[in-house]
Amino acid sequence: MSTVNLIESFGEFKDLKNIDRVTMMGILEDVFRGVVKKKYGEEANFDIIINPDKGDLEIWLNREIVDDGMVEDEGKQIELSEARKIEPDFEVGEEVSQEVKIHDFGRRNILSLKQNLQSRILELEKDHLYNKYKERVGEIMTGEVYQIWKRETLVLDDEGNELILPKDQQIKSDFFKKGDNVRAVVWKVEMRNNTPVVILSRTAPEFLEKLFEQEVPEVADGLITIKRIVREPGERAKVAVESYDDRIDPVGACVGMKGSRIHGIVRELRNENIDVINYTSNDQLLIQRALSPAKIGNIKLDNEHKRAEVYMKPDQVALAIGKGGHNIKLAGRLTGFEIDVYRETDEVTDDVALEDFADEIDQWIIDELKNIGCDTARSVLDIGQEELVKRTDLEEETVAEVLRILKAELEQ
């Protein structure tokens with residue numbers, strides 16, 4: 001064998017992903033150079049010739065011809081009698097080039113060569129994966145579900161790289177099967193045990209933002225700016241948008257004709273309800289819009305403590321709080337204010353904080369009521385028994401007893 005064909009000799013490396021042929025040949029040259037130096041010495045004079053197109057490699061060892069018995073370094077010198085076996089006209093002092101074949105290295109050196117090659121390629125693939133996805137953090141990617149575990153799902157990209165979609169970054173109603181296509185945002189890239197791990201997310205606000213960019217051309221073109229996004233993944237989201245072009249209605253453009261643009265986003269997010277509102281720097285107006293669909297009466301702001309007292313008609317309280325308290329929670333996160341909702345009559349009517357009933361009502365029940373946005377006795381009574389049972393994990397008998405205690409206190 002006068003020429004080493006690397007594709008044939010190291011067949012297991014021929015289908016490597018992310019490594020072009022030229023780069024691969026460069027790695028091979030470095031690895032072979034190390035093996036030659038190991039066998040013939042650091043000062044050995046040799047040439048390595050590579051043909052990237054054909055995958056061929058030749059190694060030529062160059063040595064000086066000396067008289068028989070005068071060889072001091074076999075890596076640099078060759079006896080005259082040995083040289084004349086190659087070419088009978090050689091004389092002392094001339095240089096002879098002799099091809100080194102792979103089997104000349106010996107089994108141990110060949111195994112070492114393969115191990116070095118594998119190590120170099122693995123490092124290159126790690127660097128490629130890290131650099132590729134570090135630049136794509138915050139972007140949407142589509143992958144194929146390869147394996148599903150209890151705490152995470154393994155996703156393959158179009159190059160066969162393994163990406164992780166953790167359970168806590170999936171929407172609660174997400175259900176995947178092997179082979180399904182899944183869209184997610186590249187959330188972060190971490191190094192674990194010197195190996196890059198690409199983590200995806202479907203619950204991050206950035207995922208919703210990128211979906212708007214894909215579905216709404218005005219957002220992608222920068223004509224509409226998404227100022228803030230808050231989500232309760234799979235349940236509800238609020239998106240504040242703004243446009244500096246007076247001819248564009250940012251909310252209408254995001255929703256689309258008869259909801260055509262936003263429907264695709266809602267389906268992707270497993271029927272997550274999305275409220276799109278016009279952003280404003282006026283805190284009162286922003287709170288009013290954030291609490292939609294409820295109609296607001298009066299708002300009292302405490303800018304120092306970032307608290308807002310919002311007054312509305314009794315029939316609007318349930319709308320402002322929303323199912324599971326999601327609406328009021330998201331409105332608070334969107335505006336940066338802690339929002340307390342009151343009936344308009346509460347300004348002139350006595351009310352009692354739920355914490356004042358701690359001696360009659362268990363603390364876990366009070367906490368459950370607070371989770372749906374109820375801080376006072378009247379805020380609980382305004383919702384009613386049937387709605388309270390739906391929104392909390394409380395039994396009907398427990399709710400009835402709580403309402404009896406609260407009514408008795410307010411009627412005194």
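Just so it is clear, the structure is predicted and the values come from calculations on it, not from any experiment.

How each quantity is defined
- Residues numbered from 1 in each chain as written.
- Predicted model: local features only at pLDDT ≥ 70, side-chain atom pairs only at ≥ 80, totals over all residues.
- Heavy atoms only, no water.
- Helix = DSSP H or I, 4+ residues; strand = E, 2+ residues; numbered from the N terminus.
- Buried < 20%, exposed > 50% of the residue type's maximum accessible area, 1.4 Å probe, protein only.
- Polar contact = N/O pair within 3.5 Å; in protein donor to acceptor, adjacent residues only side chain to side chain.
- Core = buried A, V, L, I, M, F, W, Y, C linked by side-chain atoms within 4.5 Å.
- Contact = heavy atoms within 4.5 Å.
- Patch = residues over 30% accessible without salt bridge, like charges linked within 9 Å, V, L, I, M, F, W, Y side chains within 5 Å.
- Areas by Shrake-Rupley, 256 points an atom, 1.4 Å probe, with all protein chains shown as cover.
- Salt bridge = Lys/Arg side-chain N within 4 Å of Asp/Glu carboxyl O.
- Lys, Arg positive; Asp, Glu negative; His and termini not counted.
- Charge placed at Lys NZ, Arg CZ, Asp CG, Glu CD.
- Phe/Tyr/Trp six-rings, centres within 6.5 Å; stacked < 30°, edge-to-face > 60°.
- Lys NZ or Arg CZ within 6 Å of the ring centre and 35° of its normal.
- Pairing = 2+ DSSP bridges.
- Axes fitted to C-alpha atoms, helices over the stretch in contact; angles between N-to-C directions.
- Expected span 1.5 Å × (residues − 1).
- Arc of directions from axis to C-beta.

1. Section: the side chain of arginine 343
Line of reasoning, step 1. In this structure, arginine 343 sits in strand 16 (residues 338-343).
Line of reasoning, step 2. Given the relative accessible area of 18%, arginine 343 is considered buried.
Line of reasoning, step 3. Of note is the side chain of arginine 343, whose polar atom sits 3.0 Å from the side chain of aspartate 382.

2. So, the nonpolar core
Line of reasoning, step 1. Residues Leu291, Ile339 and Leu369 are the most contacted members of the largest nonpolar core, which totals 44 residues.
Line of reasoning, step 2. When residues of this core are traced back to their parent elements, those giving at least two are helix 9 (283-290), strand 15 (307-312), helix 10 (314-321), helix 11 (326-335), strand 16, helix 12 (363-371), helix 13 (377-383) and helix 15 (396-410).
Line of reasoning, step 3. In this view, leucine 291 contacts Ile296, Val310, Ala320, Asn327, Ile328, Ala331 and Ile339; residues no more than four positions away in its chain are not counted.
Line of reasoning, step 4. Within the second largest apolar cluster, 26 residues are counted, among which are Leu208, Val241, Ile248 and Cys254.

3. Digging into a negative patch on the surface
Line of reasoning, step 1. Taken together, the side chains of Asp356, Asp359, Glu360 and Glu409 make up a negatively charged region of the molecular surface.
Line of reasoning, step 2. Inspection of the secondary structure assignment puts aspartate 359 in the loop between strand 16 and helix 12.

4. Quick notes on the packing of aromatic side chains
Line of reasoning, step 1. Counted by the stated rule, this structure contains one aromatic pair.
Line of reasoning, step 2. When the centroid spacing of 5.3 Å and the interplanar angle of 25 degrees are considered together, the rings of tyrosine 311 and tyrosine 342 count as stacked. Of the two residues, tyrosine 311 sits in strand 15 while tyrosine 342 sits in strand 16, which places them 31 residues apart along the sequence. The exposure classification of tyrosine 311 matches that of tyrosine 342, with both residues buried.
Line of reasoning, step 3. Of note, lysine 178 hangs over the ring of tyrosine 146, and the distance from its end group to the ring centre comes to 4.8 Å.
Line of reasoning, step 4. A cation over an aromatic ring shows up here: lysine 188 above the ring of tryptophan 187, its NZ or CZ 4.4 Å from the ring centre.

5. A word on the sheet that holds strand 11 (residues 224-232)
Line of reasoning, step 1. Read across the open sheet, the three strands follow the order 11-12-13; overall the sheet is mixed. Each of the sheet's edge strands pairs with one partner strand only, and the pair in question is strand 11 and strand 13 (273-278). If you compare each strand with its neighbour and ignore which way they point, the axes differ by 20 degrees on average.
Line of reasoning, step 2. Sheet analysis places strand 12 (residues 236-243) next to strand 13, joined by six bridges and oriented parallel.

6. Remarks on the environment of alanine 377
Line of reasoning, step 1. With respect to the helices and strands, alanine 377 occurs in helix 13.
Line of reasoning, step 2. Overall, the relative accessible area of 0% leaves alanine 377 in the buried class.
Line of reasoning, step 3. Along the primary structure alanine 377 and valine 352 are separated by 25 residues, whereas in three dimensions their C-alpha atoms are 5.5 Å apart.
Line of reasoning, step 4. Excluding anything up to four places from it in sequence, alanine 377 contacts Asp351, Val352, Leu354, Phe357, Leu406 and Leu410.

7. Overview of the sheet that holds strand 14 (residues 298-302)
Line of reasoning, step 1. Read across the open sheet, the three strands follow the order 14-15-16; overall the sheet is mixed. Pairing within the sheet leaves two strands with one partner each, and these edge strands are strand 14 and strand 16. On average, adjacent strands in this sheet sit at an angle of 20 degrees to one another, irrespective of strand direction.
Line of reasoning, step 2. Bridging between strand 14 and strand 15 involves five bridges; their strand directions are antiparallel.

8. Some details on the side chain of arginine 202
Line of reasoning, step 1. Relative to the elements of secondary structure, arginine 202 occurs in the loop between strand 10 (195-201) and helix 5 (205-215).
Line of reasoning, step 2. Overall, arginine 202 belongs to the buried group, its relative accessible area being 1%.
Line of reasoning, step 3. At 2.8 Å, the side chain of arginine 202 and the backbone oxygen of arginine 183 are in polar contact.
Line of reasoning, step 4. Once residues within four sequence positions are removed from consideration, arginine 202 is found in contact with Leu165, Gln169, Ile171, Asp174, Phe176, Val182, Arg183, Ala184, Phe207, Arg231, Glu268 and Arg270.

9. What about unusual backbone geometry?
Line of reasoning, step 1. Cis rather than trans, the peptide bond between serine 292 and proline 293 has omega equal to 15 degrees.
Line of reasoning, step 2. In this model, asparagine 271 sits at a positive phi of 65 degrees, which is unusual for a non-glycine residue.
Line of reasoning, step 3. Its location among the elements puts asparagine 271 in the loop between helix 8 (260-268) and strand 13.
Line of reasoning, step 4. The backbone of lysine 306 sits at a positive phi, close to 55 degrees, despite the residue not being glycine.
Line of reasoning, step 5. The residue lysine 306 is located in the loop between strand 14 and strand 15 in this model.
Line of reasoning, step 6. On the basis of relative accessible area, lysine 306 is assigned to the partly exposed category, the value being 38%.

10. Quick word on helix 15
Line of reasoning, step 1. Taking 1.5 Å of rise per residue, the 15 residues of helix 15 would be expected to cover 21 Å, and the 21 Å separating its terminal C-alpha atoms lies within 8% of that figure.
Line of reasoning, step 2. Taken together, the buried positions of helix 15 are Val399, Val402, Leu403, Ile405, Leu406 and Leu410. Buried residues of helix 15, viewed axially, fall in a sector of 160 degrees; they line one side.
Line of reasoning, step 3. Looking at the buried side of helix 15, the elements it contacts are helix 12, helix 13 and helix 14 (385-391).

11. Thoughts on the pairing of strand 8 (residues 162-166)
Line of reasoning, step 1. With four of five residues buried, strand 8 is to be regarded as a mostly interior element.
Line of reasoning, step 2. Hairpin connection of strand 7 (residues 152-156) to strand 8: five residues between the antiparallel strands, including glycine 160 at a positive phi of 85 degrees.

12. Some thoughts on helix 2 (residues 21-40)
Since the α-helix packs 3.6 residues into each turn, any two residues three or four apart lie on the same face.
Line of reasoning, step 1. Over its 20 residues, helix 2 runs 28 Å from end to end, which matches the ideal 28 Å to within 8%, given 1.5 Å per residue.
Line of reasoning, step 2. Of the positions making up helix 2, those classed as buried are Met24, Met25, Ile27, Leu28, Val31, Phe32, Val35, Val36 and Tyr40.
Line of reasoning, step 3. Positive backbone phi, approximately 105 degrees, marks glycine 41, located one or two places after helix 2.

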